[in-house]
Amino acid sequence: MTSIASEGHASVMLEFDAGFDPHKALQDVRQKVDTARTKLPSEADEPRVHEINVALFPVISIALSGPFQKLN
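Model, not experiment: these values are computed from the prediction. (Residues numbered from 1 in each chain as written. Predicted model: local features only at pLDDT ≥ 70, side-chain atom pairs only at ≥ 80, totals over all residues. Heavy atoms only, no water.)

## Observations regarding the overall build of the chain
Piece 1. Within the chain one finds one helix and two strands.
Piece 2. For 72 residues, the compact-globule estimate of 2.2 N^0.38 gives 11 Å, and the chain exceeds it by more than 25% at 20 Å.
Piece 3. Dimensions of the chain, computed from C-alpha atoms along their principal axes, come out at roughly 65 × 35 × 15 Å.
Piece 4. Of all 72 residues assigned to the chain, the portion counted as buried reaches 3%.
Piece 5. Carbon and sulfur atoms provide 56% of the accessible area of the chain, an area that totals close to 7600 Å².
Piece 6. For the chain, the separation between the mean place of its 7 positive charges and that of its 10 negative charges on side chains is 4 Å. (Helix = DSSP H or I, 4+ residues; strand = E, 2+ residues; numbered from the N terminus. Rg over C-alpha atoms; globule rule 2.2 N^0.38 Å. Buried < 20%, exposed > 50% of the residue type's maximum accessible area, 1.4 Å probe, protein only. Areas by Shrake-Rupley, 256 points an atom, 1.4 Å probe, with all protein chains shown as cover. Lys, Arg positive; Asp, Glu negative; His and termini not counted. Charge placed at Lys NZ, Arg CZ, Asp CG, Glu CD.)

Structure follows, in structure tokens:
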């Protein structure tokens, strides 16, 4: 869980381990957000839950290695 808050905005990001049930997780998160909604100020916007599947974003990781030679 990672959260960010600033004046007028707050967000919470949840990351799950591989093999989790995404439908159950989304249902559980929505239920908890609904419960927490009663504790928010009345002037606050409605909280929103968004599912983002990072597996849909291409990622490349490159590692370079080799002998180190100091240049003068």
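Now that the structure has been shown, the text picks up again.
## Points about the pairing of strand β1 (residues 2-6)
Piece 1. Little of β1 sits inside the fold, with zero of its five residues counted as buried.
Piece 2. Alignment of β1 against strand β2 (residues 9-13), held across five bridges, turns out to be antiparallel. Across the sheet, the residue bridging to Ser-3 is Val-12, located in β2.
Piece 3. In sequence, β1 turns back onto β2 through a hairpin of two residues, with Gly-8 there showing a positive phi of about 85°. (Pairing = 2+ DSSP bridges.)

## With respect to the pattern of salt bridges
Piece 1. Following the criterion strictly, the structure yields three salt bridges and no others.
Piece 2. With a shortest N-O distance of 3.1 Å, Asp-34 and Arg-37 are connected by a salt bridge. Remark: Arg-37 and Asp-34 occur in helix α1 (residues 22-37); sequence separation between them is three residues, near one turn of the helix.
Piece 3. Residue Arg-37 pairs with Glu-46 through a salt bridge whose shortest N-O separation is 3.0 Å.
Piece 4. According to the relative accessible area criterion, Arg-37 is partly exposed, its value standing at 30%. (Salt bridge = Lys/Arg side-chain N within 4 Å of Asp/Glu carboxyl O.)

## Concerning the confidence of the model for the chain
Piece 1. Here the chain averages 85 in pLDDT, while 97% of its residues score no lower than 70.
Piece 2. Mean pLDDT across the elements of the chain ranges from a minimum in β2, with 88, to a maximum in α1, with 92. (pLDDT = per-residue confidence, 0-100.)

## As for the environment of Glu-51
Piece 1. Mapping Glu-51 onto the fold places it in the segment after α1.
Piece 2. Each C-alpha atom, one on Glu-51 and one on Phe-20, is 14 Å from the other, the two residues being 31 residues apart in sequence.
Piece 3. Residues contacting Glu-51, with those up to four places away along its chain left out, are Pro-22 and Leu-26. (Contact = heavy atoms within 4.5 Å.)

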